[in-house]
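Below are the chains, spelled out letter by letter.
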2 protein chains.
Amino acid sequence: MSFIKQYRCTLCNQTLDYDKDIMTCPSCGEKGILDIEYDYEAMRKFVDINYFKQQEEFTMWRYMPMLPVEKTHIDQMLKIGGTPLYRSNNLEKELHIKKIYIKDEGLNPSASLKDRASGIAVLKAIESGYDTISCSSTGNAASSLACHAARMGLKTVIFVPKRAPVGKLNQLLIYGSKVISVDGDYKDTFNLSKLAINEYGWYNRNAAINPHLVEGKKTVALEIAEQLKFRLTDWVAVSVGDGCTIAGVYKGFYDLLQLKLIKKIPKLLGVQSTGCSPFVDAYINSKPLKEAMENTIADSISVGIPRNPVKAIQAVKKSSGAWIAITDEQILQSMKQLGSSEGIFGEPAGVAALAGVKEAIKTKIIKENETVTIIMTGNGLKDPLNAQKAVKAPTLVKPRLEDLKQIIEEKGEKRHA
Amino acid sequence: MSFIKQYRCTLCNQTLDYDKDIMTCPSCGEKGILDIEYDYEAMRKFVDINYFKQQEEFTMWRYMPMLPVEKTHIDQMLKIGGTPLYRSNNLEKELHIKKIYIKDEGLNPSASLKDRASGIAVLKAIESGYDTISCSSTGNAASSLACHAARMGLKTVIFVPKRAPVGKLNQLLIYGSKVISVDGDYKDTFNLSKLAINEYGWYNRNAAINPHLVEGKKTVALEIAEQLKFRLTDWVAVSVGDGCTIAGVYKGFYDLLQLKLIKKIPKLLGVQSTGCSPFVDAYINSKPLKEAMENTIADSISVGIPRNPVKAIQAVKKSSGAWIAITDEQILQSMKQLGSSEGIFGEPAGVAALAGVKEAIKTKIIKENETVTIIMTGNGLKDPLNAQKAVKAPTLVKPRLEDLKQIIEEKGEKRHA
C-alpha cells in the first residue's frame, strides 16, 4: 500500500505525477530537487498510534506505509535502523542541560545513518530492474550502498575523492564494489559520477538528486519520536554536509505532524565545521549560499557545494531552528567527551552535533531548561586516523610490576578502598 | 530474583556456596575455573516459552532471571545484544549448504560479542562497590569493558600487548581508559595484569578467571535460539582464543536444554587459526593442551596459552562437535566473501568461523544436508590494516570521462540494458 500523492519541485513549486524513474523537475533541471508528497488524510486512517504498537520488528521497515517502496524484498534486507536512543548518564550534568538524548546511528549495518537511504536506493533499483547502482560519496553513503547492494546481489560503482579515510575505503572494497578513486575534491567526484551514470545508465543513488533517499533518512526522526513516546525534545541537533540528512529529519517530523502524532516540529540545529560552512555563512550573512572551502577532518560533512540546499535551509527555517559552526578542535574534544562520558564512539561528523550543541549552549541559543536530542550519524571506528588525533598514545611498559608501578603511581591512580 | 544454586569447580568438581566475590576454586587455585550452577527446577517455573514472548526490549537483559546479576542498574546501561541473526542470501548457494545463518555480533555497542561479558563485569563491579576495573586483552574484551565502564562512571585500567590493532587501541583511549601497552606477548600482558590487579585491588575482568563472564556470553546462544524459534541448526560455528566464548555458547544452550526449551545442543565447531591452534592440536593428537605459538592476523584468537581450556574442550566434546584450523589466507578470503555475498564486514577472528565452516564442509565434517549458524564475533572496522590485506586498492583516476571509460571498459563493465 502506498499513500504517495505526487511530486513537488522544491524550486518552482509545481506538482508532478509520481513516477519512480523521474529524479528531478523537468522544468528546472537537476537543481529542481523533488519532494514526495503523501495523501495524509488517507495515511492517517491507517497509521495511528495503534499502528506503531502492533509492529514487532524494530527496524525502519516498520514505517513501510510512510515510505515510497514496495514490500516485496524487505525480508531479505539487512536490519536497518532500530538503533538505540540513549538518555545521557553524564553529559546532562557536564553541560548543565535538563535532558540530553543520543541517537546512536553508528550501530546500523554499515555503521552510519546513511544505511537508511541506501536501503531505499537498493529497493528502488530492484523495482526498476537495474543491476548496477552508482554514487559519489565522501564515504558513508558509498559504504552503506555497497553493503546493501552486496546483500541483495546488485553491483556497485562508487566514486570517492582521494581524501576518503582508509576505514571507509576498505569497507567498500570488502563489500565488493568497483571503486573509482577520483584525483580531485568532492565536486570533481560528484561531476564525474554524474557523467558516468548518464553514460552507462546505472541507477543513481546521489542523495540530493534522488528524491526517494530523503524518505529513507526520515525514518531516524520517526524512530526518535517513537522512542520518546511522541514527546519530543525542544531541539534536535545534526551535522550537515549535502543537506539531505537534516532534510530527512525534518520530513520525518513533518509527516508525524500531518498524522497528528506530534504537536510541533522540534527546533533543528544544523551543525557545520568552520572549515566548510556554506549553510552557516549564508545564514549569518542572510545571503544566498556560496561555494565554501572543504577544510575539515569531518569528511562526511566536508561539502563545499551542498546538493540539497533548499530542503536543508527550509528545514532549519520552518522548525525555527538555527545554524552553528564549530572547529575541528571542538569536534575532537567532543569525540573524547562522548566516548568517556557515555561509552559512545562517534566519527567526526557524528560528534560534530555534540560540539554544535555545546557551542549553542555557550551562545545561549539552547537554554538550560531546554531538552536536546543529538543524532550521532556514524561510528568512530570508520575513521581511526582522526580518532588518534583526539587521544594520546599510551607509553610502552616492560612486563614487570616495578615498571608498571612507576606509571600508575606517577599518574596518581588510587588503591581501591 | 536469582536462581543461582552454587559454584562447581571445573577441575576438581567440588561444589561451593555462591559468593560474588570468589573468583576461582580455593582448593585448585587460579586454574580452578568455577562454573555457576542454577536451580533449573525453580527457573523452569518462571522462564518458559511465554516468558520470552512477554519480554519487550530485545537486549541481553531480557534474560535477567538466567543471569547472575542484580537488576538495579540495567536501565542505565548501553543496549547490549539484540543483534541480528540473518538467513544467508547467497552463501548457502555458494557453499552448497541447506541453511546458513549469520549472527552479527559486530553491531554491539563497542562492536563485538565481548560486550555481553563486559556488561556483566561492570554490573558485578558496581554491586561489589569497586570504582576501577581492570583486564588484559588482545582487544575486544578491553574495548567493551572500557565502553560500558565509561557509560556507568567507572575507571578502567587496560593491559594490551603491543601488537593490538590501532582501531581497538583508539577505542580504549576514546572511552577514557588508562591503557598499559605491554612490551611483550599476550602471556606477558596477562601476567602483568594479574600482578597489578592483586597489588591495587581493582575488579578483575579477566574472562577465564571471572566465572560471571561466561554467563554474559551465553546470551548470544539464548538469542540465537529465540531468533530461530528454538529450532536450532545442526551446527554452531565460533572462533576460539581463550575458550570463554565457546564455553558461553555451550552454557546458553545447556541452560535451554535444562529448561526443556530445546531438545538437543547443536554441534559446536571450534575454529582456530593454524598460526595459533592449541585446542586443535590437542584434539587431533588426543593429547593435553600445550602452549602454542601466537602467529595469526586474527588477534582476538591469538592466544598461545588459553585460560579457559576445560570449559572449551568440554563444550565441543559434550556437543559432539569438532575442532578445526584454518590459515590466515582462508580468513582473508572469507572476509571478502562474507562482505561481498552478504554485506557483512567482519574482523579476522569473526570471519574465521566462516572459514572454519568452509573447511569443515570440504573435509565432510559438515554435510550438505546439515544447517549451520555462524557467530560473527566482531566488526571488521576494528581492524582496518588487516581488511586492507583482503582487498586490492583502487587506481586513482583524473576527473575526466575519457579516463574513466578506459578503466570501466577495460574491466568489462556492461551498459545497463
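Because the structure is a prediction, the values reported are computed rather than measured.

### Observations regarding the overall build of chain A
Along its length, chain A carries 16 helices and 14 strands. The C-alpha atoms of chain A give 21 Å as radius of gyration, which agrees with the globular expectation for 417 residues (22 Å, within 12%). For chain A, the spread of C-alpha atoms along the principal axes amounts to about 75 × 45 × 45 Å. Relative to all contacts within chain A whose residues are 6 or more apart in sequence, the contacts with residues 24 or more apart total 71%.

### Considering the confidence of the model for chain A
Do not read the predicted coordinates in detail wherever pLDDT is low. Residues of chain A with pLDDT of at least 70 account for 97%, and the chain-wide mean is 93. Every residue in residues 413-417 of chain A scores below 50 in pLDDT, and together they form 15 contacts with partners more than four places removed in sequence or on other chains.

### Details of the UniProt feature "modified residue: N6-(pyridoxal phosphate)lysine" (unreviewed entry) in chain A
Residue and element names in this part refer to chain A. The UniProt record annotates "modified residue: N6-(pyridoxal phosphate)lysine" (unreviewed entry) at Lys-114. Along the polypeptide, Lys-114 turns up in the loop between β5 (99-104) and α4 (115-127). Other than its neighbours up to four places away in sequence, Lys-114 contacts Asn-140, Ala-141, Ser-144, Arg-205, Lys-217 and Thr-245.

### Observations regarding the sheet that holds strand β14 (residues 396-397) of chain B
One open sheet accounts for 5 strands, arranged β9(A)-β6(A)-β7(A)-β8(A)-β14(B); its pairing is parallel. Taken across any chain shown, the strands that pair with only one partner, and hence form the sheet edges, are β9 (203-204) of chain A together with β14 of chain B. Of the strand pairs in this sheet, strand β7 (residues 155-161) of chain A and strand β8 (residues 178-182) of chain A are connected by 5 bridges, and their pairing is parallel. When the bridges of β8 of chain A are listed, Val-157 of chain A appears paired with Lys-178 of chain A.

### Details of the side chain of Thr-59 of chain A
All names here are of chain A. Note on placement: Thr-59 falls in the loop between α2 (49-54) and β4 (85-87). For Thr-59, a relative accessible area of 5% corresponds to the buried category. Excluding anything up to four places from it in sequence, Thr-59 contacts Lys-79, Ile-80, Gly-81, Gly-82 and Glu-223.

### Observations concerning the relation of the copies chain B and chain A
Note that the two copies of the chain are related through a rotation about an axis and a translation along the same axis. In the superposition of chain B on chain A (RMSD 0.0 Å, axial shift 0.0 Å), the rotation amounts to 180°. Taken together, the rotation and translation relating the two chain copies correspond to the operation of a two-fold axis. An overlap of 100% is found between the interface residues of chain B and their copies at the interface of chain A, pointing to a shared contact surface.

### What to know about the interface of chain B and chain A
Chain B puts 85 residues into the contact, and the matching count from chain A is 85 residues. Both faces considered, chain B and chain A share a buried interface measuring about 7400 Å² in area, 62% of it formed by carbon and sulfur atoms. For the pair chain B and chain A, the interface holds 6 salt bridges. For Lys-405 of chain A, the salt bridge is made with Glu-199 of chain B, and the minimal N-O distance between the two is 3.2 Å. Our count for the contact surface shared by chain B and chain A stands at 24 residue pairs in polar contact (both at pLDDT 80 or more). The biggest single contributor to the side of chain B that touches chain A is helix α6 (residues 166-174) of chain B, with 7 residues. Here the residues of the side of chain B that touches chain A sort into 43 nonpolar, 20 polar and 22 charged. Taken together, the 2 bridges between β8 of chain A and β14 of chain B define a ladder with parallel strand orientation. Its bridge partner lying in β14 of chain B, Val-182 of chain A is registered against Val-397 of chain B.

### Some remarks on the nonpolar core
For soluble globular proteins, nonpolar side chains are generally found buried alongside one another. Counting 157 residues, the largest nonpolar core has Trp-61, Leu-269 and Ile-366 of chain A together with Trp-61, Leu-269 and Ile-366 of chain B as its most contacted members. Apart from the residues lying within four places of it in its own chain, the contact partners of Ile-366 of chain A are Ile-97, Trp-235, Leu-269, Val-357, Ala-360, Ile-361 and Val-372 of chain A. With 48 residues, the next largest nonpolar core counts Tyr-40, Tyr-63, Ala-221 and Trp-323 of chain B among its residues.

### Focus: the environment of Cys-28 of chain A
Residues and elements named next belong to chain A. Within the fold, Cys-28 resides in the loop between β2 (15-16) and β3 (34-38). A relative accessible area of 26% means that Cys-28 is categorised as partly exposed. Cys-28 sits 19 residues away from Cys-9 along the chain, and the two C-alpha atoms are 8.2 Å apart. Not counting residues up to four positions away in its chain, the partners in contact with Cys-28 are Cys-9, Leu-11 and Cys-12.

### So, the side chain of Ser-181 of chain A
Mapped onto the secondary structure, Ser-181 of chain A falls in strand β8. For Ser-181 of chain A, the residues in contact, after removing those within four places along its chain, are Val-160 and Lys-162 of chain A together with Pro-394, Thr-395, Leu-396 and Val-397 of chain B.

### Thoughts on the packing of aromatic side chains
Counted under the stated rule, the structure contains 26 aromatic pairs over all chains. For the pair Tyr-7 of chain B and Tyr-18 of chain B, a centre-to-centre distance of 5.2 Å together with 55° between the ring planes defines the contact as tilted. Linking Tyr-7 of chain B in strand β1 (residues 4-9) with Tyr-18 of chain B in the loop between β2 (15-16) and β3 (34-38), this pair joins segments that are 11 residues apart in sequence. Ring plane angle 65° and centroid distance 5.2 Å describe the contact between Tyr-130 of chain B and Tyr-203 of chain B, whose orientation is recorded as edge-to-face. Remark: Tyr-203 of chain B occurs in strand β9 (residues 203-204) and Tyr-130 of chain B occurs in the loop between α4 (115-127) and β6 (132-136); sequence separation between them is 73 residues. What links up through ring pairs into an aromatic cluster is the set Phe-3, Phe-46, Tyr-51, Phe-52, Tyr-63 and Phe-230 of chain A. Here the basic side chain of Arg-307 of chain A rests over the ring of Phe-190 of chain A, its NZ or CZ set 4.1 Å away from the ring centre.

### Observations regarding the UniProt feature "binding site: pyridoxal 5'-phosphate" (unreviewed entry) in chain A
Residue and element names in this part refer to chain A. Listed under "binding site: pyridoxal 5'-phosphate" (unreviewed entry) in the UniProt record, and renumbered for this structure, are Asn-140 and Thr-377. In three dimensions, the annotated residues from a span of 238 residues occupy one location, with a maximal C-alpha spread of 9.5 Å. Relative to the elements of secondary structure, Asn-140 occurs in helix α5 (residues 140-151). Aside from chain neighbours lying at most four places away, what touches Asn-140 is Ser-112, Lys-114, Lys-168, Ser-300, Glu-347 and Lys-382. Those residues within four positions of Thr-377 in sequence are excluded, and the remaining contacts are Glu-105, Ser-112, Leu-113, Val-238, Ser-239, Ala-349 and Gly-350.

Cut-offs and rules
- Within each chain, residue numbers correspond to sequence positions counted from 1 in written order.
- Lettering of chains starts at A and numbering of ligands starts at 1, both following the order in which they are written.
- Totals for whole chains, interfaces and linings use all residues, but because this is a predicted model, local features are given only for residues with pLDDT of at least 70 and pairs of side-chain atoms are given and counted only at 80 or more.
- In computing side-chain values, all of the structure's heavy atoms are included and hydrogens and water are not.
- Segments assigned H or I by DSSP are reported as helices when at least four residues long, segments assigned E as strands when at least two residues long, and all are numbered from the N terminus.
- Radius of gyration means the value over C-alpha atoms here, while the globule rule gives 2.2 Å times the residue count to the 0.38 power.
- The criterion used for residue contact is that any of the two residues' heavy atoms lie within 4.5 Å.
- Per-residue confidence from the predictor is given as pLDDT, running between 0 and 100.
- UniProt positions are given in the numbering used here, feature names are shortened, and annotations may be inferred rather than shown by experiment.
- Two strands are said to pair when DSSP picks up at least two bridges between them.
- Partly exposed describes any residue whose relative accessible area lies between the buried limit of under 20% and the exposed limit of over 50%, with all areas from a 1.4 Å probe on protein chains only and scaled to the type maximum.
- We superpose the copies by least squares over the C-alpha atoms of residues that have a pLDDT of at least 70 in both of them.
- Computed with a 1.4 Å rolling probe, the buried area is the accessible surface lost when two parts are put together, summed over both parts.
- By salt bridge we mean one thing: a side-chain nitrogen of Lys or Arg within 4 Å of a carboxyl oxygen of Asp or Glu.
- Polar contacts, as counted here, are pairs of nitrogen or oxygen atoms within 3.5 Å of one another; within protein the pair requires one atom able to donate a hydrogen and one able to accept it, and residues that are adjacent in sequence qualify only if both atoms are side-chain atoms.
- Gly is put with the polar residues, along with every residue not named as nonpolar or charged; the nonpolar set is Ala, Val, Leu, Ile, Met, Phe, Trp, Tyr, Cys and Pro, and the charged set is Asp, Glu, Lys and Arg.
- Here, nonpolar core means buried Ala, Val, Leu, Ile, Met, Phe, Trp, Tyr and Cys residues that are tied together by side-chain atoms lying within 4.5 Å of each other.
- Pairing of aromatic side chains requires ring centres within 6.5 Å, counting the rings of Phe and Tyr and the six-membered ring of Trp. Pairs whose planes differ by under 30 degrees are stacked, by over 60 edge-to-face, and all others tilted.
- Lysine and arginine charges are scored as sitting over a ring when NZ or CZ, respectively, is within 6 Å of the ring centre and within 35 degrees of the ring normal.

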